[in-house]
Amino acid sequence: MYTYSIMQLKSDHFEERCEDIIDQYKRGVSTCPLFSMQLVPEGNPVWDKVSPLVEIFKKYRDALEPHGVKTGVLIQASLGHGYEIVPNPYQTMINFTDGESNRCVCPEDKEFIKHFSEVIRQVALARPSAIMLDDDFRLMMRPGRGCACPLHMAKFNKLSGTDMTREELYDYVRSHPDDDPLTMTFINIQRDSLINLAKELRDVIDSVDPTIQGINCTSGDECDSVIYTNPIFCGKGNPTIVRVPNGTYSPLSAKEFSNIMRRACVCSSKLKKHGIDIVLAETDTVPFNRYAKNARYLHAHYTASVLDGLMGAKHWLTRLSAYEPESGREFRNILAEHSKFYDSLSELAKEIKWVGANS
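Just so we're clear, the structure is a prediction, and the values are computed from it rather than from any experiment.

Details of the sheet that holds strand E2 (residues 32–38)
Logical step 1: Read once around its circumference, the closed barrel built from eight strands follows the order E1-E2-E3-E6-E7-E8-E9-E10, with strand pairing classed as parallel. Between one strand and the next, the sheet's axes are offset by a mean angle of 25°, whatever the strand orientation.
Logical step 2: Most of the contacts of helix H2 (residues 50–64) go to E2, to which it runs at about 170°, and overall it touches E2 and strand E3 (72–77).
Logical step 3: Its contacts with the sheet put helix H3 (residues 110–125) on E2, E3 and strand E6 (130–133), and the angle it makes with E3 is roughly 155°.

Things to note about the pattern of salt bridges
Logical step 1: Here the structure, examined in full by the defined rule, presents 23 salt bridges.
Logical step 2: Here Glu 55 makes a salt bridge to Lys 58, at a shortest N to O gap of 3.4 Å. Residue Glu 55 and its partner Lys 58 are both found in helix H2; the two are separated by three residues, about one turn of the helix.
Logical step 3: A residue is classified by how much of its surface remains accessible, and Glu 55, at 44% relative accessible area, is partly exposed.
Logical step 4: Members of the salt-bridge network, linked through shared partners, are Asp 134, Asp 135, Arg 243 and Glu 282.

Description of the packing of helix H9 (residues 295–307) against helix H11 (residues 339–349)
Logical step 1: With their axes 8 Å apart at the nearest point, H9 and H11 run at an angle of 30° to one another. Classified by the interaxial angle, the pair formed by H9 and H11 is roughly parallel. Contact residues: His 299, Tyr 302, Thr 303, Val 306 and Leu 307 in H9; Phe 341, Tyr 342, Leu 345, Ser 346 and Ala 349 in H11.
Logical step 2: Classifying every residue of the contact of H9 with H11 by side-chain character gives seven nonpolar, three polar and no charged.

Section: the packing of helix H1 (residues 14–26) against H2
Logical step 1: The interhelical angle for the contact between H1 and H2, taken along N-to-C directions, is 55°, at an axis separation of 11 Å. Relative to H2, the element H1 is oriented oblique. Our pair here, H1 against H2, has a crossing hand that is right-handed. On H2, the residues that touch Phe 14, Arg 17, Cys 18, Ile 21 and Ile 22 of H1 are Lys 59, Tyr 60, Ala 63 and Leu 64.
Logical step 2: Of the residues belonging to the contact of H1 with H2, the class tally is seven nonpolar, no polar and two charged.

Details of the packing of aromatic side chains
For any pair of aromatic rings, the description consists of the separation of the ring centres together with the inter-plane angle of the planes.
Logical step 1: Under the defined criterion, the tally for this structure stands at eleven aromatic pairs.
Logical step 2: With a centroid separation of 4.5 Å and 45° between ring planes, the pair formed by Phe 14 and Tyr 60 is classed as tilted. Of this pair, Phe 14 sits in helix H1 while Tyr 60 sits in helix H2, placing them 46 residues apart in sequence.
Logical step 3: Tyr 60 gets classed as buried once you look at its relative accessible area, which sits at 0%.
Logical step 4: Ring-pair connections join several aromatic residues into one group, and the members of that group are Phe 14, Phe 35, Phe 57 and Tyr 60.

So, the side chain of His 315
Logical step 1: The topology assignment puts His 315 in strand E10 (residues 312–315).
Logical step 2: Judged by relative accessible area, His 315 falls into the buried class, the value being 1%.
Logical step 3: Only 2.7 Å separates the side chain of His 315 from the side chain of Thr 283, close enough to count as a polar contact.
Logical step 4: Excluding residues within four positions of it along the chain, His 315 makes contact with Thr 3, Tyr 4, Ser 5, Ile 6, Val 29, Thr 283, Tyr 302 and Leu 335.

Focus on unusual backbone geometry
Backbone phi values are negative for most residues with the exception of glycine, while trans is the configuration of most peptide bonds.
Logical step 1: The step from Asn 44 to Pro 45 runs through a cis peptide bond, and the omega angle for that step is 10°.
Logical step 2: Going from Val 286 to Pro 287, the amide bond is cis rather than trans, its omega being 0°.
Logical step 3: Non-glycine residue His 13 carries a positive phi angle of around 50°.
Logical step 4: Position of His 13 among the secondary structure elements: in the loop between strand E1 (2–7) and H1.
Logical step 5: Of note in the backbone geometry, Arg 127 takes a positive phi value of approximately 60° without being a glycine.

Parameters and conventions
Residues numbered from 1 in each chain as written. Predicted model: local features only at pLDDT ≥ 70, side-chain atom pairs only at ≥ 80, totals over all residues. Heavy atoms only, no water. Pairing = 2+ DSSP bridges. Helix = DSSP H or I, 4+ residues; strand = E, 2+ residues; numbered from the N terminus. Axes fitted to C-alpha atoms, helices over the stretch in contact; angles between N-to-C directions. Contact = heavy atoms within 4.5 Å. Salt bridge = Lys/Arg side-chain N within 4 Å of Asp/Glu carboxyl O. Buried < 20%, exposed > 50% of the residue type's maximum accessible area, 1.4 Å probe, protein only. Parallel < 35°, antiparallel > 145°, perpendicular 65-115°, else oblique. Nonpolar A, V, L, I, M, F, W, Y, C, P; charged D, E, K, R; others polar. Left-handed = near helix turned anticlockwise from the far one by under 90°. Phe/Tyr/Trp six-rings, centres within 6.5 Å; stacked < 30°, edge-to-face > 60°. Polar contact = N/O pair within 3.5 Å; in protein donor to acceptor, adjacent residues only side chain to side chain.

No statement about biological role is implied by the geometric values presented.
Right, here's the structure in full:
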């Protein structure tokens, strides 16, 4: 089982945080902590976010290594999740749907690629065992349905031999199937932006340490982009690993539970058909305390995911906005209590033969 626990990268309460991570490892809650780094570029000139974070990460790495605990990094923000940021000098994504900026960075911008490659190089030099890209590493799986910035529109018109505006292209794509030549050109350009960036980042990681495991997260049932980016980003000789979007944030009732299972089943099936080796569950407890999700719900969520053939999880059991260990204690206890159960269930799940119309 591959179980990653998202942890806060802070210097305060250092010894207590280390004890917690070691305890998670010993009790089978987590096989590897992933320390969260918010690295979407901000400011002009762009702020150096990564250097101070890397120095703190090294302290945790060195403290945990003697206990057999490998440490990794979650790039929690690379292109951006769409929240307000201090403007940077790079091209922002422009929503394909309405022409508005979504405050995220466009991966087609060569200057951004140069900047972020250096950021990832610094992360790799800190010797993490794994680097996970969060699900903001996407284009078409956003409310804006893709990027129609000047860079993308110029590329589309050059390749297709047209002179279409965003509005004309959006109307065309909406009224034509995915296998239409112009629609396919649009889709491929969006896809290639992410593939090219994933390749640049992996090349940088390989120049430091090719054994570092690359992991991707996906958003949306289609799981389109990670099918192409993860086989590149994971690294040669490493398994392909993707976290599916079957999270449930502050569930109002058990009525939402069937959708957790549906998303796990639909996405993992598509990923496995495209050769992804390891599929992880999204067992986040947003906003990371027991007001959001009780421990029994987490246990049921993870159990259902393993039953669907998922081989682990990205567990987010820790409140990052403040040091509040009690808020995640019961999450840890219930996962520890059932750690052997999850292992056994994952072996049994390999032999399950699902039946039904869509089996």
